[in-house]
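Residue-level listing of the chains:
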Amino acid sequence: MGFERHHKKEGIGENKTTDVRMKDANGFYVDVARGEGEYTMIRINVDDFGEAIEFLLAHGFRKPKHEQASKTVDTGSSKFTIMVGPSGYLLEISQHIKKKD
């Protein structure tokens, strides 16, 4: 599909998640996360976290049933949550917080 590995982070969080960022020749990125064989999901970076969640809910997505997975995590520099698609695939919605001077 024309993507090459840009960078990889391993051992993130409780699930020892591995994140792989891939980039194509046009500068587009695709991020794929995998947690210890339990799941694979695509990460989407958005500019407006609330708007993205509302959009996905309106199109049949839902929060995971597992309490820990359904939480929104706010690290101060970013926030993210997991959404489940109508067919069961997972998306991680992430917004990087831009600091205002």
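Keep in mind it's a predicted model, so treat the numbers as computed, not measured.

Novice: Pulling in residues and values, what's your account of the nonpolar core?
Specialist: Formed by Val46, Phe49, Ala52, Ile53, Leu56, Phe61, Met83, Leu91 and Ile93, the largest nonpolar core amounts to nine residues. Every element with two or more residues in this core is listed here: α1 (49–58) and β7 (90–96). The leading source of residues in this core is α1, at four residues. With residues up to four places along the chain from it excluded, the contact list for methionine 83 reads Ile53, Leu56, Leu57, Phe61, Arg62, Lys63, Tyr89, Leu90, Leu91 and Ile93. In terms of nonpolar packing, the next biggest core, distinct from the first, is built from six residues, Ala33, Tyr39, Met41 and Val84 among them.

Novice: Give me the lowdown on the environment of asparagine 15, citing residues and values where you can.
Specialist: For asparagine 15, the position within the fold is in the loop between β1 (4–12) and β2 (17–23). A residue is classified by how much of its surface remains accessible, and asparagine 15, at 32% relative accessible area, is partly exposed. The sequence separation of asparagine 15 and tyrosine 89 amounts to 74 residues, and the corresponding C-alpha distance is 18 Å. Residues within four places of asparagine 15 in sequence aside, it is in contact with Gly35, Glu36, Glu38 and Tyr39.

Novice: Lay out the environment of glycine 11 with the relevant residues and their values.
Specialist: Within the fold, glycine 11 resides in strand β1. A sequence separation of eleven residues divides glycine 11 from methionine 22, and the C-alpha atoms of the two residues are 18 Å apart. Those residues in contact with glycine 11, other than ones at most four positions away along the chain, are Lys16 and Thr17.

Novice: Tell me what's going on with the layout of surface pockets, and back it up with residues and numbers.
Specialist: Over the atoms a probe the size of a water molecule is rolled, and this reveals where empty space is left. In this structure, the largest pocket spans a volume of roughly 840 Å³. Along the wall of the largest pocket there are 29 residues; nearest its centre are Thr17, Tyr39, Phe80, Ile82 and Glu92. Elements that contribute at least two residues to the lining of the largest pocket include exactly β1, β2, β4 (39–45), β6 (78–84) and β7. Across the lining of the largest pocket, the residue classes break down as nine nonpolar, eleven polar and nine charged.

Novice: Describe the packing of aromatic side chains, with residues and values.
Specialist: Enumeration according to the criterion identifies one aromatic pair in this entry. Considering the side-chain rings of phenylalanine 61 and tyrosine 89, the 5.8 Å spacing of their centres and the 90 degrees angle between planes classify their relative orientation as edge-to-face. Residue phenylalanine 61 is found in the loop between α1 and β5 (73–74), and its partner tyrosine 89 is found in the loop between β6 and β7; the two are separated by 28 residues along the sequence. What makes phenylalanine 61 buried here is its relative accessible area of 10%.

Parameters and conventions
- Residues numbered from 1 in each chain as written.
- Predicted model: local features only at pLDDT ≥ 70, side-chain atom pairs only at ≥ 80, totals over all residues.
- Heavy atoms only, no water.
- Core = buried A, V, L, I, M, F, W, Y, C linked by side-chain atoms within 4.5 Å.
- Buried < 20%, exposed > 50% of the residue type's maximum accessible area, 1.4 Å probe, protein only.
- Helix = DSSP H or I, 4+ residues; strand = E, 2+ residues; numbered from the N terminus.
- Contact = heavy atoms within 4.5 Å.
- 1 Å grid on protein atoms, 1.4 Å probe; cavity = no way out; pocket = protein on both sides within 12 Å on 5 of 7 lines; lining within 4 Å.
- Points joined across faces, edges and corners; volume = space filled by probe spheres on them.
- Nonpolar A, V, L, I, M, F, W, Y, C, P; charged D, E, K, R; others polar.
- Phe/Tyr/Trp six-rings, centres within 6.5 Å; stacked < 30°, edge-to-face > 60°.

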